[in-house]
Amino acid sequence: MILARAEQATRRYGDVLALDRVDLDVRAGELVGLLGPNGAGKSTLLNLLVGLRRPTGGRVLLFDGDPRDPAYRRWVGVTPQETGLPGSLRVGEVIDFVGAHFPDPVPRAELLDRFGLADLARRQTGGLSGGQRRRLAVALAFVGRPRLVLLDEPTTGLDVEARHALWEAIRAFHADGGTVLLTSHYLEEIEALAQRVVVIGQGRVLADDSVAAIRGVVGLRRVSLTADELPTLPDVVRVERDRERIHLLTGDADQLVRDLVTAGVSFRDLEVRPTSLEEAFLTITAESRPAEAGVPTTA
Amino acid sequence: MQYALAHARYQLLELVRTPVAVFGSAFFPAVAMLFFVVPAVGDDAVGATYATAAMVTFAVLSANVFQYGVGVAEDRAQPWDPYLRTLPVGPAPRFAGRVLAGLTLTYLSLLPVVLIAALLTEAHTTAAGFALAAATVALVSVPFTLMGLAIGYALPSKAAIVVAQLVFFPLAVGGGLLTAPGQAPAFIEAIAPFLPTRGAVELMWTAVGDFRPDPLSMVMLGVWIVGLATLAGWAYRRDEGRRFS
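Residues numbered from 1 in each chain as written. Chains lettered and ligands numbered in written order. Predicted model: local features only at pLDDT ≥ 70, side-chain atom pairs only at ≥ 80, totals over all residues.

As annotated in an unreviewed UniProt entry, chain B carries the name ABC transporter permease and comes from Verrucosispora sioxanthis. Chain B has a UniProt comment under Subcellular location (unreviewed entry) that states "Membrane". (UniProt positions renumbered as here; feature names shortened; annotations may be inferred.)

Under the annotation held in an unreviewed UniProt entry, chain A carries the name ABC transporter ATP-binding protein and is attributed to Verrucosispora sioxanthis. Under the UniProt heading Subcellular location (unreviewed entry), the note attached to chain A is "Cell membrane".

This is the structure in structure tokens:
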């Protein structure tokens, strides 16, 4: 069963094309990560899926209906931006208030407990730390016993311990049969949680695959060196030249360095760096547009 | 309805947690009562009754224009507002809750005026007059609620505060709220019937005393209500179009 679907969904804001013919299916029981740099269109896609915005072209479906009809939002849970929590209200009151919109909300005490907020029930949200507010915001997505939760950057700004606690709560929900669509610009977070990754950039779906497969593309290393001539090397995804500097993108930097030494290349100033997601996205984008693949990037 | 009550409760909780909001809308009418009405016409039963009714109208005007004008504009700027739109309930209960909370706050802000009138002046009305006046408060809240909504949906919060202040005082003075019936300077008597505050205060005077409303004021009040409803509706749809389409 498909819980959320985008069919050729397109969204423009004036002249800006935020989403460009996006297809996406989220099936019951999946834990899908939506990965992409800021401004890629992740939030726009989530806004379409929860009915906050209308697609300019194509269509979106939530539980086989129009998400702009409140009835179809009955089984979906969404995270508010934690900066927007009503500051003068207490944690327990915010939970009760959101719960009042659902027929069978999770009891306040149970939810507080599940998200480690039990000690904070009587605190006003304005007095919480950023991490505590973040936890409350994520907890709110689960108040209505949703079948699908949409989590936008759920752990941004959390310390390691809080992040892992939140990951546990998300995994527990998924283990109980819940479906999750979460966005992140951290590959690490997607890897820790998701089974399936949808990479989105410049408003388009660039890749939709298993975590391992995406890791193969995204987990590239950049080997930079200064040399005159290079022999043909195996496993090099892309070569960029910047005057005498040469940048090699590869999946196996160790082997590449061994190959360079074995081939007797006279090089200096060797540098090995993990590629940023940004670079990985550029690689994927370049692959999806073969005509431009030869153009060197300045990144 | 159950959702509307949840929203009203939530809005009132927020208000109660910042008591200065409640205090603010009750302050001016109460001070005006103490400084102008009590010493000037406190001993005159009819004058004090009319003056109290005018101060009640003044309080209704200020409570509604400010809480809707500023409140709606501030809410629109918060990311909490779009979050509430993702809950499985349409925008109507939130709106109804806001109006319920607004009426509650309006009645609360009248308490000091009514208490001062009862304790420190000769103002007098019958039980039926009092009940009629209480109901009239809800009726005359309509144009000022619409005015506040129009300001709140049309303007960002900083501009909304300024505009609410700019419209509030001329409406109060120009409508003759600070003067007894027929006692205002000539030019105010001339423009008053064309302002919504005049129609509102005449309805209040009619409720508590032996006053016959001016047909021109009543017609103009109707015109204002229609005009303000149109303006508020336009501002609301424009805001919806910008943020939720």
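Engineer: What should I look at first to understand the overall build of chain A in this one?
Structural biologist: Helix and strand content of chain A: 9 helices and 13 strands. When the backbone C-alpha atoms are referred to their principal axes, chain A occupies close to 70 × 45 × 35 Å. Looking at chain A as a whole, 39% of its 299 residues are labelled buried. Relative to all contacts within chain A whose residues are 6 or more apart in sequence, the contacts with residues 24 or more apart total 67%. (Helix = DSSP H or I, 4+ residues; strand = E, 2+ residues; numbered from the N terminus. Buried ≥ 20, exposed ≤ 12 C-beta atoms within 10 Å, placed from the backbone. Contact = placed C-beta atoms within 7 Å.)

Engineer: Honestly, the interface of chain B and chain A in this entry has me stumped. Any pointers?
Structural biologist: Many structure descriptions define interface size as the accessible area lost when the parts assemble. Every contact between the two is made by 20 residues of chain B and, on the other side, 23 residues of chain A. Where the side of chain B that touches chain A is concerned, the elements lending two or more residues are helix H1 (2-17) and helix H4 (80-84) of chain B. Looking at which element gives the most residues to the side of chain B that touches chain A, the answer is H1 of chain B, with 6 residues.

Engineer: Any chance you could explain the environment of threonine 156 of chain A here in plain terms?
Structural biologist: Residues and elements named next belong to chain A. Turning to its location among the elements, threonine 156 is positioned in the loop between strand E6 (148-152) and helix H5 (160-175). For threonine 156, a count of 15 C-beta atoms within 10 Å gives the class partly exposed. Here the alpha-carbon distance between threonine 156 and arginine 114, two residues 42 residues apart in the chain, equals 19 Å.

Engineer: Any chance you could explain the sheet that holds strand E1 (residues 2-13) of chain A here in plain terms?
Structural biologist: Two pairing modes exist for strands in a sheet, parallel and antiparallel, and in both the strands are linked by backbone hydrogen bonds. Residues and elements named next belong to chain A. Spatially, the 3 strands line up as an open sheet ordered E2-E1-E4, and their pairing is antiparallel. Sheet topology places strand E2 (16-27) and strand E4 (57-62) at the edges, where each strand pairs with a single neighbour. Shown here is a sheet whose adjacent strand axes are inclined to one another by a mean of 20°, direction ignored. Sheet analysis places E1 next to E2, joined by 8 bridges and oriented antiparallel. (Pairing = 2+ DSSP bridges. Axes fitted to C-alpha atoms, helices over the stretch in contact; angles between N-to-C directions.)

Engineer: Would you explain the nonpolar core in this entry?
Structural biologist: Note that soluble globular proteins tend to have their nonpolar side chains buried in a common cluster. Counting 70 residues, the largest nonpolar core has Leu49, Leu150, Leu181 and Val198 of chain A as its most contacted members. Setting aside residues no more than four positions away along its own chain, leucine 150 of chain A makes contact with Leu46, Leu49, Val50, Val76, Val78 and Leu181 of chain A. (Core = buried A, V, L, I, M, F, W, Y, C linked by C-beta atoms within 7 Å.)

Engineer: Help me understand the domain arrangement of chain A, please; the structure alone is not making it clear to me.
Structural biologist: The domains assigned to chain A are domain 1 (2-216) and domain 2 (220-274). For domain 1 of chain A versus domain 2 of chain A, the distance between C-alpha centres works out to 40 Å. (Domains from an automatic or database assignment.)

Engineer: Please explain the sheet that holds strand E7 (residues 179-184) of chain A as it appears in this structure.
Structural biologist: All names here are of chain A. One open sheet accounts for 6 strands, arranged E5-E6-E7-E3-E8-E9; its pairing is mixed. Every other strand in the sheet has two partners, leaving strand E5 (76-78) and strand E9 (204-210) as the edge strands with one partner each. In this sheet, adjacent strand axes meet at a mean angle of 15° when their direction is disregarded. Note that strand E3 (residues 31-35) and strand E8 (residues 196-201) share 4 bridges and pair parallel. Its bridge partner being in E8, glycine 33 is matched across the sheet by valine 197.

Engineer: Teacher, can you tell me more about unusual backbone geometry here?
Structural biologist: Most peptide bonds are trans, and most residues other than glycine sit at a negative phi. In the Ramachandran plot, aspartate 64 of chain A falls in the positive-phi region, its phi being about 65° despite a non-glycine side chain. In this model, glutamate 153 of chain A sits at a positive phi of 50°, which is unusual for a non-glycine residue.

Engineer: Where do I start with the environment of isoleucine 246 of chain A in this structure?
Structural biologist: All names here are of chain A. With respect to the helices and strands, the residue isoleucine 246 is situated in strand E12 (residues 245-250). Given 18 C-beta atoms within 10 Å, isoleucine 246 falls into the partly exposed group. Linking isoleucine 246 and leucine 270, residues 24 residues apart in sequence, is a C-alpha distance of 9.9 Å. Setting aside its immediate chain neighbours within four residues, isoleucine 246 contacts Leu225, Ala227, Leu230, Val239 and Arg241.

Engineer: For this particular structure, what's the right way to read helix H1 (residues 42-49) of chain A?
Structural biologist: Helical geometry note: an α-helix holds 3.6 residues per turn, so side chains three or four residues apart project in the same direction. Residues and elements named next belong to chain A. Of all 8 residues in H1, 7 are buried, a share of seventy percent or more. Within the sequence span of H1, burial applies to Lys42, Thr44, Leu45, Leu46, Asn47, Leu48 and Leu49. One or two steps after H1, the chain reaches glycine 51, where phi turns positive at roughly 85°.

Engineer: Where do I start with the environment of isoleucine 190 of chain A in this structure?
Structural biologist: Residues and elements named next belong to chain A. As for its placement among the helices and strands, isoleucine 190 is situated in helix H6 (residues 187-193). A tally of 27 C-beta atoms within 10 Å means that isoleucine 190 is categorised as buried. When near neighbours in sequence (up to four residues on either side) are disregarded, isoleucine 190 contacts Gly33, Leu35, Ser184, Val197 and Val211.

Engineer: What exactly am I supposed to notice about helix H10 (residues 215-244) of chain B here?
Structural biologist: Residue and element names in this part refer to chain B. Here H10 is 30 residues long and its end C-alpha atoms lie 42 Å apart, about the 44 Å a rise of 1.5 Å per residue gives. If you check which residues of H10 are buried, you get Ser217, Leu221, Trp224, Leu228 and Ala232. Residues of H10 that are buried in the fold lie against helix H6 (127-154) and helix H9 (196-208). (Expected span 1.5 Å × (residues − 1).)

Engineer: What's the story with the confidence of the model for chain B in this structure? I'm lost.
Structural biologist: In low-pLDDT segments, the atomic positions of the prediction should not be examined closely. Chain-level statistics for chain B give a pLDDT mean of 89 and a share of 100% at 70 or above. Overall fold confidence for the complex sits at a pTM of 0.81, while the interface term, ipTM, reaches 0.83. (pLDDT = per-residue confidence, 0-100.)

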